[in-house]
Amino acid sequence: MPPRLALAGTEGSLQATASGTPAALDWTVQGRADAGAVSGRGSLASANGGWRLDLAALEAQAMGEALRLAAPARVVLGADGGVEVPGLALAVQGGGQVRAAGRWGPERADLTVTLSALPVALAERFVPDLQPQGTVSGEVRVTGPVGRPEIKATLQGSGLRSGADWALGLPALMLRAEASMAGEAAQLRAEIDAGPAGRLTATARLPGGFGPQAPLAASLEGNLALAPLAGPFLAAGADRVSGRIAVALRAEGTVGTPQLGGRATLSGGGYRNAEYGVRIDNLAGTVVGDGTRLVIQQLQGRTPGGGSITLSGSLDAGAPGLPADITLTARNARPVTSDLVTATIGADLRLTGPLLGGGSLAGEVRVQQAEIRVPERLPASVPTLTNVRQVGRRPGAAAAPPPPPPAAVTPAAPPINLAVRVLAPGRVFIRGRGIDVEMGGEVTIGGTAAVPVPQGQLTLRSGTLDVLARRLTFQRGTIGFVSGTLTPQLDLTATAQARQTTITVKVQGTPAAPEVTFTSTPELPQDEILARLLFDRATSNLSPFEIVQLASAIGQLTGIGGGTSALDRVRGALGLDRLGITSDTAGTGAAVEAGRYVAPGVFLGVRQGQSGQTGVGVQVEITPRLKLEGQTATGPAGDRIGLSYELEY
């Protein structure tokens, strides 16, 4: 039984044999421990006043990897203390070889170590989350005095990538690197080729070594394409980016306190989110290094309709908390254009202070025009059965998988304080399901980015609700915003009279899923209220055709069935802000109304009656509540001018 050994709490066994004379020994060795095993055989003989070690076989295993002697080798220890290796080759279990040849000492060195197709997966034990893939080859040459040798190294890598899930889809890298060191001075040059994603070249010179006070001169140059680099990280969502970045960065100063310089320039950039309708094109700009500061030199992008968004300012990466001073401006920007929301805005915002705590975002956002579409149809849904539990296992079925781990907690937004005014004097339209209203007002957003606190609301400027052939005019309405989420909440009210019944219609909830309710005096069921509103009769007196119309109206208001109205499609195609059918000035026939804002606060409208009467009207908003109105028309209406004042009660 081989003898047992213990060292630092680790036990193992070791067995060795030797035969021959002191001048010529044949030996074998076998050892095993929890960390690995080693075995070998060979001979040791005296030669020219020194020793000659011949290795016939050698193998070592540790940490799941194995290394073995690829061919018999010899190591000579000279009488002068120098070591000579004519040729030593070690094969790695996963592929590749390490070879060494040359001489070390006693005064000078001339040694070469060569790496051939080594798998970088050997490093996975040290970086398990990275799961490295690919191979590397290279050579290290050591020459000169033993006490101060000169070292030159080359390294080539191919197929370098990460096998982790987060890196799927990223391009493989090719690496070519050269390094040298003479005394304390060191130099490095590396080229990284990412195929269609671009190429980078890095250089570094350290004439005084690697100490904190040693001087440093480094650079990073090249071009990168954003789409292939960012695409795999964004594939699960709706965000998409494009463009190219030209990098020309440098670092100077000392190893301990490097000073950044150079620039990174973005050209042909773009950002899109099809889910929310966000689109910014022609992104271009430059980020310049200035010491520890990164200076953004007018990063600008264009939005549909010819608007622009511009970012400028600085960020200090070397100061505690990452202090920033960044300004965002928007002019006639239409960053969101979708079936649900379209908005044109102007903005002047400034982000100042440490981003990691205590910073603030302040300024003004001006909504020049916005249209929020109420979905005409609710999306199809499948009922979810709750409190369902499987007991046992179905015959022939595989065992149920273990429950998934709890979802990771989403990190909170940075503690940025908010002081933002949102100004919307008018032209905020909400349309869909018969609703056509214009809102305006002012909202101040305080709190923090994680928990915003809005104050203020948008109030009704004008609006109607069309249900089949009946049009109701909203008398009052507001849009409030929920603290913490900024979710808009509608609250619109319209009244109508049907004989002795006073009907009140309320539209409440979010624009994406509003709830329409009917109440009446005297009190009636909602279907009865709707029948009297539309047909001025009780449900018991409706014809089969009118009952079908009643069901269609209920479907329109609830979002079950229906679709975008023909008037809405025509209004959008003509670029109008309002288009509707109403009664003429005499109340005896139908009339078509159409109009749009020709300038901020100035609305121009025309009306064409069934009997040939025509009118043109202008409304000028002097204040949010005071308006100047003028009209010229044929027929009894004639010409008139006046002031109107709205009062919420």
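Our subject is the structure that appears above.
Residues numbered from 1 in each chain as written. Predicted model: local features only at pLDDT ≥ 70, side-chain atom pairs only at ≥ 80, totals over all residues. Heavy atoms only, no water.

**Student:** Can you explain the overall build of the protein chain? Please cite residues and give values.
**Tutor:** Helix and strand counts for the protein chain come out as four helices and 37 strands. Partitioning the contacts of the protein chain with sequence separation of at least 6, the portion at a separation of at least 24 is 36%. Accessible area for the protein chain stands at about 36,700 Å²; split by element, carbon and sulfur atoms hold 59% of it. (Helix = DSSP H or I, 4+ residues; strand = E, 2+ residues; numbered from the N terminus. Contact = heavy atoms within 4.5 Å. Areas by Shrake-Rupley, 256 points an atom, 1.4 Å probe, with all protein chains shown as cover.)

**Student:** Residue-level account of the pattern of salt bridges, with values.
**Tutor:** If you walk through the whole model with that rule in mind, you get 22 salt bridges. Note that Arg250 and Glu252 form a salt bridge whose closest N and O atoms lie 4.0 Å from each other. On the basis of relative accessibility, which here comes to 44%, the residue Arg250 falls in the partly exposed class. With a relative accessible area of 43%, Glu252 lands in the partly exposed category. A salt bridge links Arg421 to Glu364; the nearest nitrogen and oxygen atoms lie 3.3 Å apart. Of the two residues, Arg421 is situated in strand β25 (residues 417-432) and Glu364 in strand β24 (residues 360-373); the sequence distance between them amounts to 57 residues. Residue class for Arg421 comes out partly exposed when judged on its relative accessible area of 34%. Assessed through its relative accessible area of 21%, Glu364 is described here as partly exposed. Sharing partners across several salt bridges, the network here consists of Arg331, Asp348, Glu364, Arg366, Arg421 and Glu442. (Salt bridge = Lys/Arg side-chain N within 4 Å of Asp/Glu carboxyl O. Buried < 20%, exposed > 50% of the residue type's maximum accessible area, 1.4 Å probe, protein only.)

**Student:** Help me get a handle on a nonpolar patch on the surface, residues and values and all.
**Tutor:** Among the surface-exposed residues, Met63, Phe126, Val127, Leu130, Trp166 and Phe233 lie close enough to one another that they form a single nonpolar patch of about 630 Å² accessible area. On the secondary structure map, Phe233 appears in helix α1 (residues 226-234). (Patch = residues over 30% accessible without salt bridge, like charges linked within 9 Å, V, L, I, M, F, W, Y side chains within 5 Å.)

**Student:** I'd like to hear about helix α2 (residues 526-535), residue by residue, with values.
**Tutor:** Here α2 lies mainly inside the structure; seven of its ten residues are buried. Every buried residue of α2 is listed here: Glu528, Ile529, Leu530, Ala531, Leu533, Leu534 and Phe535. In the segment just after α2, Asp536 is the residue with positive phi, at about 60 degrees.

**Student:** Hey, could you go over the packing of aromatic side chains for me, with residue numbers and the actual values?
**Tutor:** Across all of its chains, the model carries one aromatic pair by this definition. Pairing Trp166 with Phe233 gives two aromatic rings, centres 6.2 Å apart and planes at 15 degrees, and the pair type is stacked. Placement of Trp166 in the loop between β12 (150-162) and β13 (173-182) and of Phe233 in helix α1 is noted, with a sequence separation of 67 residues between them. On the basis of relative accessible area, Trp166 is assigned to the partly exposed category, the value being 45%. (Phe/Tyr/Trp six-rings, centres within 6.5 Å; stacked < 30°, edge-to-face > 60°.)

**Student:** Would you mind going over the environment of Ser242 in detail, with residue names and values included?
**Tutor:** One can find Ser242 in strand β17 (residues 239-254). Ser242 sits 26 residues away from Gly268 along the chain, and the two C-alpha atoms are 7.4 Å apart. With sequence-adjacent residues up to four places away left out, Ser242 is seen in contact with Leu226, Ala227, Gly268, Gly269 and Gly270.

**Student:** Go over the side chain of Glu371, please, and point to the residues and values.
**Tutor:** By the element assignment, Glu371 lies in strand β24. Here the side chain of Glu371 touches Arg373 through a polar contact of 3.4 Å, side chain to side chain. (Polar contact = N/O pair within 3.5 Å; in protein donor to acceptor, adjacent residues only side chain to side chain.)

**Student:** Describe the side chain of Asp54, naming the residues involved and giving the relevant values.
**Tutor:** You can see Asp54 is positioned in strand β5 (residues 50-62). Among the polar contacts made by the side chain of Asp54, one reaches the side chain of Arg52 at a distance of 3.2 Å. In this structure the side chain of Asp54 is engaged in a polar contact, spanning 2.6 Å, whose partner is the side chain of Arg74. The residues contacting Asp54, other than those within four sequence positions of it, are Trp27, Gly42, Ser43, Ala73 and Arg74.

**Student:** I'd like a rundown of the environment of Ala594, residues and numbers included.
**Tutor:** For Ala594, the location among the structural elements is in strand β33 (residues 590-599). Between the C-alpha atoms of Ala594 and Val616, which are 22 residues apart in sequence, the distance is 9.8 Å.

**Student:** Residues and numbers for the pairing of strand β4 (residues 36-47), please.
**Tutor:** Relative to β4, strand β3 (residues 24-33) runs antiparallel, the two being bridged by ten bridges. Each bridged residue has a counterpart across the sheet, and for Trp27 the counterpart in β4 is Gly42. Relative to β5, β4 is paired through twelve bridges, and the arrangement is antiparallel. Paired with Gly42 across the two strands is Leu55, which belongs to β5. In textbook terms, the turn of a hairpin is the stretch between consecutive antiparallel strands, and for β4 and β5 this stretch comprises two residues, one of which, Asn48, has a positive phi near 55 degrees. (Pairing = 2+ DSSP bridges.)

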